[in-house]
Amino acid sequence: MMWYDGGWGWGGWFVMTVVMVLFLALVITGIVALVHYLTSAHRGHRPGSAPPAGEYGWGGRRAEDLLAERFARGEIDEDEYKRRLALLREQR
């Protein structure tokens, strides 16, 4: 009895294995990306973005607080403090 060798032989098995490994890698990468996206959404903001205006922390201090600190240290006088504070409050 003769077996039909339809063309691809061992090359077909090799190509099929490579395609399956690539497909599984794509599925796993998609799952990891989805989990990362969902868990970063619970932190309040995405990585790399600025925190909301009301939050304090690194880079999230409000401009009015910085202005008050400069006035308290004597870096600016009262007139400049009031002028800049009024300007900041107009921009809201």
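Since we're looking at a predicted model, the values are computed, not measured.

Caption draft 1: Representation of the pattern of salt bridges. For the coordinates displayed, the defined rule picks out seven salt bridges. Between Glu69 and Arg73 there is a salt bridge, with the nearest N and O atoms lying 3.7 Å from each other. One end of the pair, Glu69, and the other, Arg73, are both in helix α2 (residues 63–73), four residues apart, so they sit about a helical turn from each other. Residue Arg73 is classed as exposed on the basis of its relative accessible area, which comes to 53%.

Caption draft 2: View of the packing of aromatic side chains. Within this structure, the stated rule accounts for one aromatic pair. Taking the centre distance of 4.8 Å and the plane angle of 20 degrees together, the rings of Phe71 and Tyr81 count as stacked. Of the two residues, Phe71 is situated in helix α2 and Tyr81 in helix α3 (residues 78–90); the sequence distance between them amounts to 10 residues. A residue is classified by how much of its surface remains accessible, and Phe71, at 34% relative accessible area, is partly exposed. With a relative accessible area of 18%, Tyr81 lands in the buried category.

Caption draft 3: Geometry of the side chain of Ser40. Take Ser40: it is sitting in helix α1 (residues 10–41). Ser40 sits in the buried class, given a relative accessible area of 5%. A distance of 3.0 Å separates a polar side-chain atom of Ser40 from the backbone oxygen of Tyr37.

Caption draft 4: Main features of a nonpolar patch on the surface. Nonpolar side chains collect at one region of the surface, where Met20, Phe23, Leu24, Val27, Ile31 and Val35 lie side by side and expose about 540 Å² of accessible area between them. By the secondary structure assignment, Phe23 is in helix α1. Since its relative accessible area comes to 48%, Phe23 is described here as partly exposed.

Thresholds, definitions, all that
Residues numbered from 1 in each chain as written. Predicted model: local features only at pLDDT ≥ 70, side-chain atom pairs only at ≥ 80, totals over all residues. Heavy atoms only, no water. Salt bridge = Lys/Arg side-chain N within 4 Å of Asp/Glu carboxyl O. Helix = DSSP H or I, 4+ residues; strand = E, 2+ residues; numbered from the N terminus. Buried < 20%, exposed > 50% of the residue type's maximum accessible area, 1.4 Å probe, protein only. Phe/Tyr/Trp six-rings, centres within 6.5 Å; stacked < 30°, edge-to-face > 60°. Polar contact = N/O pair within 3.5 Å; in protein donor to acceptor, adjacent residues only side chain to side chain. Patch = residues over 30% accessible without salt bridge, like charges linked within 9 Å, V, L, I, M, F, W, Y side chains within 5 Å. Areas by Shrake-Rupley, 256 points an atom, 1.4 Å probe, with all protein chains shown as cover.

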